[in-house]
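As a plain string of letters, each chain reads:
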Amino acid sequence: MKHILLLLLLITNQLFAQDTYTIQGHFPNFPNSNFELKGYEGFQQKVLLKTSSNQEGKFTLTYPANYVGVAQLYMNGAYSNLLFLNQENYTLFWQDLTKREDMQITGSKEYEAFLQGMKTFQEAEAKLAGLNYLVPLYAADSIKQQVFIKELDTVNNLFSNYVKSLPENIWVRQYLLTKGLIEQMPNSVKTYPWRAPQHVTEFMAIDFKALKHSGLLKELVEGYTYLVERFPLEEVYPLLEQAIDKAVIEFKDNPTIQQEVAQHWFTFLESHSLFKAAEYLALKMLNNESCTLNEKSTALFEQYRKLAVGNTASDINLGSGTTLKKLKNKYKLVVFGASWCPNCQTDYPSLLGKYKKLKESHNLEIVYISIDTDKNAFDEYYKEAPFVTFCDSKGWETQAAKDYHVFATPTYILLDKELKILSKIQSPEHLEAWLQANGKK
């Protein structure tokens, strides 16, 4: 009988489970106004709902039970405030619009935890700065210095201890852990290097799945990369690889966000010349059987699998019976660019200026493959080019761009005489430096 009653109770709870939750708002100084509640899906912000207030400034927001995360409330497209959504019905009241901190929220454990967390964070960081200043001043007084060091350790853990004390079902627990880490990492790089290893542990403890609706993923992967690239060189790549593994695995059930994070992180790693980590991420995604990559991702990552240093690149038909392989030069720089590309326009004069010297000193030839679809624009822009140029007006569909998995312009790939890939070049200046360091005529 007891088991039957328990079963009936469970069934009843499921039948009456809420599909939506409601926020009642009252902003007296915003009568007859338009409101938008915007949430996040990975890197993207999206409108969850729209509503309007009446003559008294009262309005109702209804959000879905399956949206657990952060949202921003926009009023007439000008004012905004942060809200936390996690299956709570609560009320908002805001009288003085000039004071954001005066907005009153009743009935939300999430928001209460957030406010206390940010207060704890700010107080801890302020105390930390003072103690960090005092410790070296008392080098001659070891007793007092040890007191300050002990206090420094206590203060350093104030915020993390507060976050850990929050119940597991409070979503803002993950938000605070992540937001605090994002705010702390730059300060640790500049001022508190002793705190950096702690951040690695904190990063690995984050539940990435819970950050789907946080709006913090971009800042998180960038901040972590910025932090660990300043570790000793032998530690940098292992730390990045374990972080990449974590992100890819934890987003395995959400391939859209998985690809979004991977694409952005890959580009960020490349921009910081962390090519080994970028290659690791590319191969991780390409070998991920549970992931169906879109066209952009495939091109982005295939450059590292098929165009890795040491591989042999595809030959390119340059017209009139000429191919890339038939060129007899010791070094061949294949450039993918376009007349309309701003970065190509910036690099092109530098490429022209360096060409004659590098050709003479290192037996280099430049082969410029244009992504232009307007043949007249190509002819006009590259008419003075002293090196090999080619354009079939097919744009991104030109065969060479497909064979080399080009996804952006300019793209530079340095080859030897037999089309062996020597390096992915970042700029004309990088080309010159590489040849000076490695090149032989």
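One structure accompanies this document, and this report is about it.

How each quantity is defined
Residues numbered from 1 in each chain as written. Predicted model: local features only at pLDDT ≥ 70, side-chain atom pairs only at ≥ 80, totals over all residues. Heavy atoms only, no water. Helix = DSSP H or I, 4+ residues; strand = E, 2+ residues; numbered from the N terminus. Rg over C-alpha atoms; globule rule 2.2 N^0.38 Å. Buried < 20%, exposed > 50% of the residue type's maximum accessible area, 1.4 Å probe, protein only. Areas by Shrake-Rupley, 256 points an atom, 1.4 Å probe, with all protein chains shown as cover. Lys, Arg positive; Asp, Glu negative; His and termini not counted. Charge placed at Lys NZ, Arg CZ, Asp CG, Glu CD. Core = buried A, V, L, I, M, F, W, Y, C linked by side-chain atoms within 4.5 Å. Contact = heavy atoms within 4.5 Å. Axes fitted to C-alpha atoms, helices over the stretch in contact; angles between N-to-C directions. Left-handed = near helix turned anticlockwise from the far one by under 90°. Salt bridge = Lys/Arg side-chain N within 4 Å of Asp/Glu carboxyl O. 1 Å grid on protein atoms, 1.4 Å probe; cavity = no way out; pocket = protein on both sides within 12 Å on 5 of 7 lines; lining within 4 Å. Points joined across faces, edges and corners; volume = space filled by probe spheres on them. Nonpolar A, V, L, I, M, F, W, Y, C, P; charged D, E, K, R; others polar. Pairing = 2+ DSSP bridges. Phe/Tyr/Trp six-rings, centres within 6.5 Å; stacked < 30°, edge-to-face > 60°. Lys NZ or Arg CZ within 6 Å of the ring centre and 35° of its normal.

### Overview of the overall build of the protein
Stage number 1. When you go through the protein residue by residue, the secondary structure sums to 15 helices and 15 strands.
Stage number 2. Against the 2.2 N^0.38 benchmark of 22 Å for 441 residues, the protein shows a C-alpha radius of gyration of 28 Å, more extended than a compact globule.
Stage number 3. For the protein, the spread of C-alpha atoms along the three principal axes comes to 85 × 65 × 55 Å.
Stage number 4. Burial analysis of the protein (441 residues in total) assigns 48% to the buried set.
Stage number 5. For the protein, the accessible area works out to roughly 22400 Å², and carbon and sulfur atoms hold 52% of it.
Stage number 6. Each charge class in the protein can be summarised by its mean position, and for the 46 positive and 50 negative side chains these summaries are 4 Å apart.

### Focus: the nonpolar core
Stage number 1. The biggest cluster of nonpolar side chains holds 83 residues, and the ones touching the most others in it are F27, L73, Y224 and W265.
Stage number 2. It is helix 8 (residues 233-250) that provides the largest number of residues to this core, a total of 8 residues.
Stage number 3. Setting aside its immediate chain neighbours within four residues, W265 contacts F203, V221, Y224, T225, A243, I244, A247 and L281.

### Looking at the packing of helix 7 (residues 217-228) against helix 9 (residues 255-271)
Stage number 1. Between helix 7 and helix 9, the shortest axis-to-axis distance is 10 Å and the interhelical angle comes to 35°. For the pair helix 7 and helix 9, the crossing hand works out as right-handed. Residue-level inspection shows L217, K218, V221, E222, Y224 and T225 of helix 7 in contact with helix 9, the latter providing I257, V261, H264, W265, F268 and L269.

### Looking at the pattern of salt bridges
Stage number 1. Following the criterion strictly, the structure yields 21 salt bridges and no others.
Stage number 2. E168 is paired through a salt bridge with R173; the nearest N and O atoms lie 3.8 Å apart.
Stage number 3. Its salt-bridge partner being K424, residue E270 comes within 3.1 Å of it at the nearest N-O pair. Here E270 is found in helix 9, whereas its partner K424 is found in strand 15 (residues 421-425), with 154 residues between them in sequence.
Stage number 4. Using a relative accessible area of 13% as the deciding quantity, one classes E270 as buried.
Stage number 5. A network of salt bridges, in which partner residues are shared, links E36, K38 and K50.

### What to know about the layout of surface pockets
By rolling a water-sized probe across the atoms, one finds the places where empty space is left.
Stage number 1. Of the pockets and cavities examined, the largest pocket occupies roughly 410 Å³.
Stage number 2. In this structure, the largest pocket is lined by 15 residues; those nearest its centre are E270, A408, P410, T411 and Q426.
Stage number 3. Ranked by the residues each element gives to the lining of the largest pocket, the list is headed by helix 9, at 3 residues.
Stage number 4. Here the residues of the lining of the largest pocket are counted per class, giving 5 nonpolar, 7 polar and 3 charged.

### Here we look at the sheet that holds strand 7 (residues 90-93)
In any sheet, the strands associate via hydrogen bonds between backbone groups, in a parallel or an antiparallel arrangement.
Stage number 1. Taking strand neighbours across the sheet as the criterion, the 4 strands line up as 4-1-7-8 in an open arrangement whose pairing is mixed. Each edge of the open sheet is held by one strand with a lone partner, namely strand 4 (58-64) and strand 8 (104-106). Across the sheet, the mean angle from the axis of one strand to that of its neighbour is 20°, orientation sign disregarded.
Stage number 2. Bridge analysis of strand 1 (residues 20-26) against strand 4 gives 7 bridges, and the strand direction is antiparallel. Across the sheet, I23 pairs through a bridge with L61, a residue of strand 4.

### Thoughts on the packing of aromatic side chains
Stage number 1. Scanning the entire structure with this criterion turns up 29 aromatic pairs.
Stage number 2. Ring plane angle 80° and centroid distance 6.0 Å describe the contact between Y348 and Y368, whose orientation is recorded as edge-to-face. Of this pair, Y348 sits in helix 12 (residues 342-362) while Y368 sits in strand 12 (residues 364-370), and the two are 20 residues apart along the sequence.
Stage number 3. Relative accessible area serves as the criterion here: at 6%, Y348 is assigned to the buried category.
Stage number 4. Given the relative accessible area of 2%, Y368 is considered buried.
Stage number 5. An aromatic cluster is built from Y348, Y355, Y368, F378, Y381, Y382 and F387, whose rings are joined through pairwise contacts.
Stage number 6. Geometry around Y74 places K38 over its ring, the cationic atom sitting 4.8 Å from the centre.
Stage number 7. Here the basic side chain of R230 rests over the ring of Y226, its NZ or CZ set 3.7 Å away from the ring centre.

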